[in-house]
Amino acid sequence: MSIKREHWGSRLGFIMATAGSAIGLGNIWKFPYMAGENGGAAFIIIYLALVFTIGLSVLLAEIMIGRSTQSDAVTAFKKLGHGGFSVVGYMGIAAAFMILSFYCVVAGWTIAYIIKFASGHFVGMGGAELGAEFGSFIAAPVKPILYQGGFVILTVIVVLGGIANGIERAGKILMPLLFVILIALVIRGVTLPGAERGLEFFLAPDFSKITGSTIMAALGQAFFSLSLGMGAILTYGSYLDKTANIGKSASQVAFLDTLVAILAGLAILPAVFAFNMDPGAGPGLTFVTLPAVFSAMPGGYIFGPLFFCLLTIAALTSSVSLLEPLVAFFSTKGFSRAQITIASGFLTFLMGIPCSLSFGLLSDFKIIDRNFFDLMDFLTANLMLPIGGMLIAIFAGWVITPLAIREVSGEGDHGLLTKAWIFILRFVAPIAIALILLSGLDIIQF
Ligand code: TRP
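Values in this document were obtained by computation on a predicted structure and should not be read as measured data.

Q: Please explain the overall build of the chain as it appears in this structure.
A: Counting its secondary structure elements, the chain contains 18 helices and zero strands. A compact globule built from 446 residues should have a C-alpha radius of gyration of about 22 Å, and the chain, at 21 Å, falls within 12% of that. Considering only C-alpha atoms, the chain reaches an extent of 60 × 50 × 40 Å along its principal axes. For the chain, the proportion of its 446 residues judged to be buried stands at 59%. Restricting the contact set of the chain to residue pairs at least 6 apart, pairs at least 24 apart contribute 82%.

Q: Is there a simple way to think about the pattern of salt bridges in this case?
A: Pairing is possible between side chains of opposite charge, provided their charged atoms come close. A full pass over the atoms with the stated rule returns five salt bridges. The closest approach of N and O atoms between Arg337 and Glu324, which form a salt bridge, is 3.0 Å. Note that Arg337 is positioned in helix 15 (residues 337-357) and Glu324 in helix 14 (residues 300-330), a separation of 13 residues in sequence. Looking at Glu324, the relative accessible area reads 0%, which means it is buried.

Q: Help me understand the side chain of Ser71 in this model?
A: Within the secondary structure layout, Ser71 lies in the loop between helix 3 (41-69) and helix 4 (75-79). Here the side chain of Ser71 touches Thr69 through a polar contact of 2.8 Å, landing on its backbone oxygen. In this structure the side chain of Ser71 is engaged in a polar contact, spanning 3.0 Å, whose partner is the side chain of Lys79.

Q: What is the right way to read the site of the ligand from this model?
A: By nearness alone, 17 residues border the ligand, and Ala22, Gly26, Tyr103, Phe224 and Ser227 come closest of all. For the ligand, an oxygen atom lies 2.5 Å from a polar atom in the side chain of Tyr103. Across the complex, the protein chains shield 100% of the 360 Å² of accessible surface that the ligand would expose by itself. Listing elements by their share of the shell around the ligand, those giving two or more residues are helix 1 (11-22), helix 2 (25-37), helix 5 (87-118), helix 10 (212-225) and helix 14. Among the residues forming the shell around the ligand, the class breakdown is nine nonpolar, eight polar and no charged.

Thresholds applied
Counting starts from 1 at the beginning of each chain's written sequence and moves along it residue by residue. At least 70 in pLDDT is required for a residue's local features to be given in this predicted model, at least 80 for side-chain atom pairs to be given and counted, and no such filter applies to totals for whole chains, interfaces and linings, which use all residues. With hydrogens and water set aside, each side-chain value is computed from the structure's full complement of heavy atoms. In DSSP terms, a helix is any run of H or I states spanning at least four residues, a strand is any run of E spanning at least two, and both are numbered starting from the N terminus. When we talk radius of gyration, it's over C-alpha atoms, and the globule rule is simply 2.2 Å times the number of residues to the 0.38. In this scheme, a residue with accessible area under 20% of its type's maximum is buried, one over 50% is exposed, and one in between is partly exposed, where area comes from a 1.4 Å probe on protein chains only. Contact definition: two residues touch when any of their heavy atoms are within 4.5 Å. For this document, the term salt bridge refers to a Lys or Arg side-chain nitrogen within 4 Å of an Asp or Glu carboxyl oxygen. Polar contact is defined as a pair of N or O atoms within 3.5 Å, subject to the rule that within protein one atom must be able to donate a hydrogen and the other to accept it, and that residues adjacent in sequence are counted only when both atoms are side-chain atoms. Definition of nearness: a residue and a molecule or strand are near each other if at least one heavy atom of the residue lies within 4 Å of the molecule or strand. Each accessible area value is a Shrake-Rupley result obtained with a 1.4 Å probe; residue values ignore everything except the protein chains displayed when judging cover. Following the grouping adopted for this structure description, the nonpolar residues are Ala, Val, Leu, Ile, Met, Phe, Trp, Tyr, Cys and Pro, the charged ones are Asp, Glu, Lys and Arg, and the polar ones are all others, Gly among them.

Printed below as a string of structure tokens:
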């Protein structure tokens, strides 16, 4: 325990790394198709409301707990004298493996798409052909698993490099680049002939589409997108020193994360309508629509591979943040960074195999009506992360209230924002999360 804890090089470094964790496949791949499946604008409004109340509050609570204890998500609660809450950390470890298992499969697809694009494979293909191409690629028994394994190896390499030189540097350079490419795609997407219907779908809310399970999906997406509820942000916060203004940092991360999700939606959904595709197409949406946009735009053969490169990188700065909490925890048990990283990477690879095969060989194998891939996604995003977040909110709001207030209002300023934060942690978050879970699971009905 006497080894000196590594720290971020700067506040900007922390923000970029945390934004790097938050911004990932969740924003660019998952958000547009979830909005597409769940009624467009109405889903987005609920999502925004959840992000800036519950999401932001839990985000700040995680950073605060991590920074004040300088510990991983299991040890942190013990240090604060409430070891029972360490269940958040243990559940987080399980969630990390479960998320990584499907996340790395999708990230593997992004690598495959860089190669397919760069080799000119997509030249001249339209939407329907690209859809068929994608379907047969992910259904194959071997190739997607090899790509998934390749991505796991990349993740392992970055995590082996440590905090400041690996994770922080990647975030600072690559996040701004991603942003620029995304803006270019939005401009192309919304100026395609026929894009108006997509914009309308994205901007005009139809609240009749909203049900308990839609709201549960929005809540799950908010937690997933902000990397909350399993100790990843807590772990990142533990590498902060005491001087940073964490309230401001948390707001900036939530803002950037949301901005990228909205931009991704604007890049993809108008194009879906312009090419007469189905917005409810699910996980394939990004991999079919964007290639169609690229092949219809001048310079698409450059933008295409570049976009999928950046998507791989965005996924990498996120997958790293799923592996790092495991390193932080198991290193308190006497294992080295290298041992933990390699062993976890191997387990992630194994768990990824049934996820990948869910689109082919195992597509008929269903548990609670879901294939293995969807099951991992559902259990983590919709259940484990919100439950973890609820426990974190209760812990910060009720159990360690004075410490929480002191940590965020350094100079003894008990401002309105701090009061609002505590109020949300105490009442809004636990009650809303409980109601949303119960109604999403059809245990109660509104
Ligand atoms: N937030 C990332 C995304 O949107 C995924 C992610 C990284 C994550 N770390 C996490 C999700 C921790 C939940 C918990 O792609």
